[in-house]
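Next come the chains, spelled out residue by residue.
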Amino acid sequence: MALQTETIDARAVDELRARLRGTLLRPGEEGYAGASQAWNLNARQRPALVVVTEGAGDVVAAVRFARDEGLGVGVMATGHGVGKPADGGVLVNTSRMRGVRVDPVARTARVEAGTLWRDVIPEAHAFGLAALAGSAPHVGVVGYTMGGGFGWLGRRYGLNSAGVTEAEIVTSGGELVRVSDEENADLFWGLKGGGGNFGIVTSLEFRLHPLTTVYGGSAFYPVERASEVLDAFARWSAGFPDEMTTAVAFMNIPPLPHLPGPLRGRSVVVVKGCYCGGKPEAGEAMFRHMREGLGEPIVDTFRQMPVTEMDRISMDPVDPLGVIQHAELLSDLTPEAVDALVRVAGAGSESPLTILELRQLGGALVRTPKHLNLLGSGDARYSMNAIGATFSPEMVERVKAHLARLIEATRPFQTGRTFLNFMEEGPATDRVRAAYTPEDWERLVALKDEHDPENLFRFNRNIPPTSTAGRG
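Cut-off values and rules
- Residues numbered from 1 in each chain as written.
- Predicted model: local features only at pLDDT ≥ 70, side-chain atom pairs only at ≥ 80, totals over all residues.
- Heavy atoms only, no water.
- Salt bridge = Lys/Arg side-chain N within 4 Å of Asp/Glu carboxyl O.
- Buried < 20%, exposed > 50% of the residue type's maximum accessible area, 1.4 Å probe, protein only.
- Helix = DSSP H or I, 4+ residues; strand = E, 2+ residues; numbered from the N terminus.
- Pairing = 2+ DSSP bridges.
- Axes fitted to C-alpha atoms, helices over the stretch in contact; angles between N-to-C directions.
- Contact = heavy atoms within 4.5 Å.
- Core = buried A, V, L, I, M, F, W, Y, C linked by side-chain atoms within 4.5 Å.
- Expected span 1.5 Å × (residues − 1).

A.B. asks: Help me out: how do you make sense of the pattern of salt bridges in this one?
C.D. replies: Oppositely charged side chains may form a pair once their charged atoms are brought near each other. For the structure shown, the criterion picks out 23 salt bridges. Residue Glu183 is joined to Arg178 by a salt bridge in which the shortest nitrogen-to-oxygen separation is 2.2 Å. Exposure remark for Glu183: the relative accessible area of 35% places this residue in the partly exposed category. On the basis of relative accessibility, which here comes to 28%, the residue Arg178 falls in the partly exposed class. Between Arg431 and Glu328 there is a salt bridge, and its shortest N-O distance comes to 3.3 Å. Here the residue Arg431 occupies a position in helix H13 (residues 429-433), and Glu328 occupies one in strand S17 (residues 323-330), the gap between them amounting to 103 residues. Judged by its relative accessible area of 18%, Arg431 falls in the buried class. Through salt bridges with shared partners, one network takes in Arg110, Glu166, Arg178, Glu183 and Glu205.

Now the structure itself:
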């Protein structure tokens with residue numbers, strides 16, 4: 001796609017470049033392709049320019065430039081959650097801003113905009129504390145948190161967005177402001193789950209929790225046993241305490257040499273879980289009951305582990321690849337729902353999906369009276385997240401067709417809600433709206449009208465202001 005970069009004032013670009021501590025890159029310049037490439041290789045971006053920031057001052061300068069030139073602004077650290085590619089706009093790449101400071105007395109961590117979870121987790125662990133990280137340590141903390149932030153400790157401690165205590169953001173006016181419960185409280189409320197629609201976070205402070213050891217892992221079974229495993233999982237996980245978070249997933253495992261031999265190239269159904277109560281052996285007893293009922297799995301990784309190793313439960317891919325995904329919230333895992341899932345992902349389904357995962361909800365995830373309601377209020381018992389890796393145009397079409405089949409098959413069990421962080425690339429406004437309650441959506445639109453009426457921050461899972469809501 002050709003970019004209309006000739007309309008940008010060249011002198012203004014030179015002035016911006018001179019003001020930056022970081023780097024300004026335009027199409028064709030060395031480093032531009034790498035600085036604009038998201039982790040999801042399908043999210044190809046062609047911004048008019050990229051500003052690789054070294055600090056908050058660079059973010060302020062980039063936003064003011066975009067505002068003055070009438071350009072939209074996008075932001076990324078790793079590009080795991082690109083909502084809409086920043087084509088023709090200014091892309092703020094925060095990947096060099098990786099500062100972390102842990103306060104062991106206050107039990108908080110303060111991070112800069114480009115910090116990854118792998119930067120935070122060991123720093124917190126050194127003080128006997130744990131962060132509410134996701135399943136992959138190479139994901140950016142800020143983007144994850146602004147979309148909610150749902151990990152293996154979620155049912156006990158909630159979403160990471162709810163644990164944010166303060167932040168510094170650059171607004172659409174190009175001002176660096178502090179937000180908290182005491183300062184700019186309405187904006188602070190919308191920031192925590194609003195998906196980057198109200199500004200660019202330059203620093204974020206959030207709570208940590210006294211926890212060093214969990215009991216968790218995954219048990220892999222042949223996909224031919226999917227009905228039996230899902231039925232057992234639904235019964236077994238019902239009534240669990242908040243300290244337990246579980247999931248069940250269909251997986252088509254690639255034949256990669258670093259994976260356990262018995263799993264390479266196989267289609268499996270996986271039971272995953274993490275117990276974070278005071279006595280890890282209590283979690284071991286709960287999982288033993290499940291495993292004994294199903295018999296010997298192909299591979300069993302359940303064990304006591306330090307919180308620094310929780311990413312081994314999910315074993316998410318680290319290297320960039322092209323993926324397409326879709327997410328819904330499901331009301332329950334009834335026998336009818338199990339049958340529908342097995343038809344589209346079980347043996348003989350010819351599913352091209354890399355993973356179709358159901359994560360257990362409830363607990364602190366739905367007790368959010370002061371925060372955005374991002375995972376339902378108890379009407380949804382599971383999140384459903386489907387991901388297909390795509391290595392060719394033919395695979396893209398095959399995955400899209402199968403996702404359409406999955407959506408239709410599970411429609412009777414969907415609540416009508418989805419989860420922002422699991423949402424597909426470039427969602428329509430109605431899909432973004434489905435991540436919120438009607439009341440929260442109205443309040444978010446009002447905040448957008450007040451703080452970003454021109455939709456400067458639009459390269460995201462966008463909440464359009466009233467003035468632009470009818471435009472494409």
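A.B. asks: Whenever I open this one, the sheet that holds strand S3 (residues 73-76) confuses me. Can you help?
C.D. replies: Adjacent strands of a sheet pair through backbone hydrogen bonds, lying either parallel or antiparallel. On the basis of which strands lie adjacent, the open sheet formed by 4 strands has the order S1-S2-S4-S3 and mixed pairing. Each end of this open sheet is capped by a strand with a single partner; those strands are strand S1 (23-25) and S3. This sheet shows a mean twist of 20° between the axes of neighbouring strands, independent of strand direction. Against the sheet, helix H3 (residues 56-69) makes contact with strand S2 (49-52), S3 and strand S4 (90-93), and its axis sits at roughly 170° relative to S4, the strand it touches most.

A.B. asks: Please explain the sheet that holds strand S9 (residues 176-180) as it appears in this structure.
C.D. replies: On the basis of which strands lie adjacent, the open sheet formed by 5 strands has the order S5-S6-S10-S8-S9 and antiparallel pairing. Across the chains shown, the open sheet's two edge strands, defined by having one partner strand only, are strand S5 (100-103) and S9. Neighbour to neighbour, the strand axes of the sheet diverge by 15° on average, direction disregarded. Most of the contacts of H3 go to strand S10 (residues 200-207), to which it runs at about 135°, and overall it touches strand S8 (164-170), S9 and S10. On top of the sheet, helix H4 (residues 117-125) reaches S5, strand S6 (108-112) and S10; it is set at about 30° to S5, its chief contact.

A.B. asks: For this particular structure, what's the right way to read unusual backbone geometry?
C.D. replies: A negative phi angle characterises most non-glycine residues, just as the trans form characterises most peptide bonds. The backbone phi angle of Asn184 is positive, close to 50°, even though this residue is not glycine. By the element assignment, Asn184 lies in the loop between S9 and helix H7 (185-191). Phi is positive for Asn455, which is not a glycine, with a value near 60°.

A.B. asks: Please explain the nonpolar core as it appears in this structure.
C.D. replies: Looking at soluble globular proteins, one finds that nonpolar side chains tend to be buried together. Ranked by size, the top nonpolar core spans 51 residues in total, and within it Trp117, Leu204, Phe206 and Tyr436 carry the most contacts. Counting residues per element, the ones that place at least two in this core are S6, H4, helix H5 (141-146), S8, H7, S10, S17 and helix H14 (438-451). When neighbours within four sequence positions are excluded, Phe206 is seen to be in contact with Arg107, Thr108, Ala109, Val111, Trp117, Val120, Ala131, Val141, Asn160, Gly163, Val164 and Thr165. Ranked by size, the runner-up nonpolar core spans 44 residues in total, among them Val229, Val344, Met384 and Leu403.

A.B. asks: Any chance you could explain H3 here in plain terms?
C.D. replies: Residues separated by three or four positions in an α-helix point in the same direction, a consequence of the helix having 3.6 residues per turn. With 14 residues, H3 should reach 20 Å at 1.5 Å per residue; the first-to-last C-alpha distance of 20 Å fits that figure. Taken together, the buried positions of H3 are occupied by Asp58, Val59, Val60, Ala61, Ala62, Val63, Phe65 and Ala66. Gly70 lies just past H3 and shows a positive phi near 70°.

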